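A structural walkthrough
Take a look at the letters that make up each chain.
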Amino acid sequence: MGSSANTGNMQMTPRLWALLALLGLIWGGSFFFARVAVAHVPPFTLVFLRLGLAALALHLYVGGRYGIYPTLLKRWREFLLMGLINNAIPHALIFLGQTHIGAGLAAILNATTPVWTVIIANMATEDEKLSAAKISGCLLGLAGTVVLIGPSALAGVFSEASNVPLWALVLPVLAAVSYGFSATYGKRFRNLAAPVTAAGQLTASTLVMLPVAAIADTPWILPWPPLTAVLAILGLALLSTAYGYILFFRIMAEAGATNTSLVTLLVPPSAILLGYLFLGETLQAADVAGMALIAAGLAVLDGRILKLRYST
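Cut-off values and rules
Each chain carries its own residue numbering, running from 1 in the written order of its sequence. The model is predicted, so local features are restricted to residues of pLDDT at least 70 and side-chain atom pairs to those at 80 or more, both for listing and for counting; the totals for chains, interfaces and linings are taken over all residues. Remark: hydrogens and water are excluded; side-chain values derive from all non-hydrogen atoms of the structure. Secondary structure elements follow DSSP: runs of H or I of four or more residues count as helices, runs of E of two or more count as strands, with numbering from the N terminus. Burial here depends on accessible area, computed with a 1.4 Å probe over protein chains only, as a share of the maximum for the residue type. Under 20% is buried, over 50% is exposed, and the range in between is partly exposed. Contacts are residue-level and defined by heavy atoms, with any inter-residue pair within 4.5 Å sufficient. Areas reported here follow the Shrake-Rupley algorithm with a probe of radius 1.4 Å; residue values treat only the protein chains shown as occluding. Buried Ala, Val, Leu, Ile, Met, Phe, Trp, Tyr and Cys residues that are joined via side-chain atoms within 4.5 Å together make up what is termed a nonpolar core. Pairing of aromatic rings covers Phe, Tyr and the six-membered ring of Trp, with a centre-to-centre limit of 6.5 Å; geometry is then stacked below 30 degrees between planes, edge-to-face above 60, and tilted otherwise. Note on criteria: charge over ring means Lys NZ or Arg CZ within 6 Å of the ring centre, with the direction from the centre no more than 35 degrees off the ring normal.

A closer look at the overall build of the chain
The secondary structure content of the chain amounts to 15 helices and 0 strands. Within the span of the chain, comprising 312 residues, buried residues form 50% of the whole. Considering only residue pairs separated by 6 or more positions, the chain has 89% of its internal contacts joining residues 24 or more positions apart. Here the chain has roughly 14600 Å² of accessible surface; of this, 71% comes from carbon and sulfur atoms.

Shown next as structure tokens:
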């Protein structure tokens, strides 16, 4: 893990908060695309198409600028590792875990990502040390995610009748740990243009997922998906992945690992709000309470409201 030369605390500006909110909205929207596509395309093939089409789009967008190809050749090992810990490994772990647990519980376990990122960044960097505000803000956000998704997602696990195997609970947590490592490791790419970093890690993870999808799904014998599924795959690849990772690495270069990992707290409320606005889904009191807790956690992490309070 490389440490930054800047030893000061990395602050979130209003512009970075806006970019983080946009990223949360885009990744929250990925649930809509995935909901349509997964009904017609096997999961591993869907992951491969998502990553592969996004990588292709980014190569076309970059068009050889920023010295992308010499950079990919020179730093291919770093991009391969980033692709593994930021895409291939966590996606596979979450999918395997969801064969025995629901999406709600998986989302709660995945929302531990900022906590792991705080711990990993504290050990591996000089500019993102542990603080009471970071821990308090992450725990508030995690509590908000539990309230937002619903305590019922956790209740069945702890009942005596529960048959959920321990490994199914551990795998999404390991995915969150992997995301924590990737957020910290990704700081070494801050000197590169965000599209180059995004293209590099997506190209590497596509090459990793190709044999996995081929062996697990044998996609060449599957029927061609309907137009709605094709459009959903394109939305998932181009908007939620290609553009999403450009934003992700741009935010990381300026805000650091811990702040960037907060997007995992913004994805569930974004998905719920999109469902309310565009799918006619109802907004419950627990949804509002969960969003308020997440907002409080983000405010504590930002720190400016507390500074204003104690300065007056």
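Quick word on the nonpolar core
Core analysis: the largest hydrophobic core is formed by 51 residues, its most contacted members being Leu 20, Trp 27 and Phe 249. Counting residues per element, this core draws most heavily on helix α11 (residues 227–255), at 9 residues. Counting 6 residues, the second-largest nonpolar core is a separate cluster that includes Val 41, Leu 46, Ile 233 and Leu 236.

A few points about the packing of aromatic side chains
Scanning the model with the defined rule gives 7 aromatic pairs in all. Geometrically, the ring pair formed by Trp 27 and Phe 248 is tilted, given 5.7 Å between the ring centres and 35° between the ring planes. Residue Trp 27 is located in helix α1 (residues 14–37), and its partner Phe 248 is located in helix α11; the two are separated by 221 residues in the primary sequence. Note on Phe 248: relative accessible area 6%, which makes it buried. Measuring from ring centre to ring centre gives 5.0 Å for Phe 79 and Phe 189, while their planes differ by 10°; the resulting arrangement is stacked. Taken together, the positions of Phe 79 in helix α4 (residues 76–97) and Phe 189 in the loop between α9 (166–185) and α10 (194–217) put the pair 110 residues apart, joining distant regions of the chain. Across the pair, exposure class does not vary: Phe 79 and Phe 189 are buried alike. Members of the aromatic cluster, joined through ring pairs, are Trp 27, Tyr 245, Phe 248 and Phe 249. Seen from the ring of Tyr 61, Arg 65 lies directly overhead, with NZ or CZ sitting 5.4 Å from the centre.

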